[in-house]
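# Residue-level structural notes
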Amino acid sequence: MLKAVDLMVFYENMLALNNIEIHCGQNSITGVFGANSAGKSTLMYSLSGIMLDIRKKEKMAGGERITLTGKLSFQGKDIMDLKPSLRARAGIILCPERRRLFKESTVMENLRIGGYLATKTQARQTLEFVMELFPALKRLKNRLGGFLSGGEQQMVAIGRALMAQPEILLLDEPLLGLSPLMQATLVKAVKAIQKESKISILVSEQYARPVFPIVDYAYILENGAAVMEGTRDELMDNPDVKSAYFGV
Ligand code: ATP
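Reading the values: rules and limits
- Residues numbered from 1 in each chain as written.
- Predicted model: local features only at pLDDT ≥ 70, side-chain atom pairs only at ≥ 80, totals over all residues.
- Heavy atoms only, no water.
- Disulfide = S-S within 2.5 Å.
- Buried < 20%, exposed > 50% of the residue type's maximum accessible area, 1.4 Å probe, protein only.
- Helix = DSSP H or I, 4+ residues; strand = E, 2+ residues; numbered from the N terminus.
- Expected span 1.5 Å × (residues − 1).
- Contact = heavy atoms within 4.5 Å.
- Pairing = 2+ DSSP bridges.
- Salt bridge = Lys/Arg side-chain N within 4 Å of Asp/Glu carboxyl O.

### Describing the state of the cysteines
Simply put, disulfide is the name for a covalent bond between the sulfur atoms of two cysteines. By the definition in use, this model includes zero disulfides. Between cysteine 24, a cysteine without a disulfide, and cysteine 95, which holds the nearest cysteine sulfur, the sulfur-to-sulfur distance is 15 Å. For cysteine 24, a relative accessible area of 0% corresponds to the buried category.

Set out below in structure tokens:
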């Protein structure tokens with residue numbers, strides 16, 4: 001469904017993604033695991049198209065040159081040059097690292113903003129789904145984004161992304177900085193989203209352990225390159241992966 005082939009991204013002369021080939025299957029959860037600076041956000045920005053905007057902004061500001069090469073396709077169509085807004089319309093929705101909520105807007109406003117691509121019926125149904133998924137948000141509807149805990153913010157960020165009616169949801173480090181309990185709640189929710197909405201999910205994380213049980217297939221990124229890949233079981237049985245990502 002979403003596929004990258006020979007994807008390369010340079011920030012000026014620094015190679016941030018090196019010949020990446022990844023494939024996110026229909027109706028499944030794909031993981032991308034890698035340490036700090038491995039290139040996870042660069043990959044998410046490239047897939048969602050935000051990288052084209054970042055590149056444009058840098059160019060206008062006379063900043064560093066960002067170069068993107070390779071092939072990106074979504075449901076068989078070439079999307080390499082497609083603007084991020086059109087990728088969103090096609091169903092590629094990014095839930096960015098560090099949530100990026102509108103801090104001065106309430107939870108409901110944040111969710112509704114996400115629904116700008118949805119019909120009224122879709123927005124109503126998705127809102128119901130989000131509240132079932134995260135019952136904790138029910139009593140926080142009128143709270144400002146800036147006054148939520150990290151975990152609550154992440155729930156709103158995922159809810160907001162769902163409101164945009166994704167075909168594929170890109171979750172960039174959703175567990176970052178959260179307690180193990182909150183991580184478990186979110187991982188369960190991500191699985192429920194995939195199961196009930198039948199969408200595809202690509203999730204990146206620094207630590208594989210909390211997310212590993214729900215991924216169907218995963219890639220390990222190191223210094224911008226995918227150094228390993230496989231099904232959950234294949235990677236679980238790999239001693240290198242075990243020692244590097246599970247500490248066993
Ligand atoms: P983290 O877990 O810290 O978020 P990451 O895996 O998401 O890391 P990226 O943010 O994609 O990694 O960064 C990959 C590399 O590219 C890093 O070395 C980073 O410093 C560099 N980089 C990212 N954004 C830019 C930019 N706008 N300009 C220059 N270098 C950048």
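What follows continues from the structure just given.
### Observations regarding helix H7 (residues 180–197)
With 18 residues, H7 should cover 26 Å at 1.5 Å per step; its first-to-last C-alpha distance of 25 Å lies within 8% of that length. Three or more residues of H7 are buried, namely Gln183, Leu186, Val187, Ala189, Val190, Ala192, Ile193 and Gln194. Buried residues in H7 make contact with strand E3 (29–33), helix H5 (120–133), helix H6 (150–163), strand E7 (168–172) and strand E8 (200–205).

### A closer look at the pairing of strand E2 (residues 14–24)
Here strand E1 (residues 2–11) pairs with E2 via seven bridges, running antiparallel. Note on E2: the bridge partner recorded for alanine 4 is isoleucine 22. Once E1 ends, the chain turns through two residues before running back antiparallel as E2, passing glutamate 12 with a positive phi of about 55 degrees.

### Side note on unusual backbone geometry
Located in the positive-phi region is asparagine 27, a residue other than glycine, with phi close to 55 degrees. In this structure, asparagine 27 sits in the loop between E2 and E3. Non-glycine residue glutamate 173 carries a positive phi angle of around 45 degrees. Residue position: glutamate 173 is located in the loop between E7 and H7. We classify glutamate 173 as buried; its relative accessible area is 4%.

### Some points on the pattern of salt bridges
Overall, the coordinates contain three salt bridges when judged by the stated rule. Between arginine 98 and glutamate 97 there is a salt bridge, with the nearest N and O atoms lying 3.7 Å from each other. Assessed through its relative accessible area of 57%, arginine 98 is described here as exposed. For glutamate 97, a relative accessible area of 15% gives the class buried. A salt bridge links aspartate 233 to arginine 232, with the shortest nitrogen-to-oxygen separation between them at 4.0 Å. Owing to a relative accessible area of 25%, arginine 232 belongs among the partly exposed residues under this scheme.

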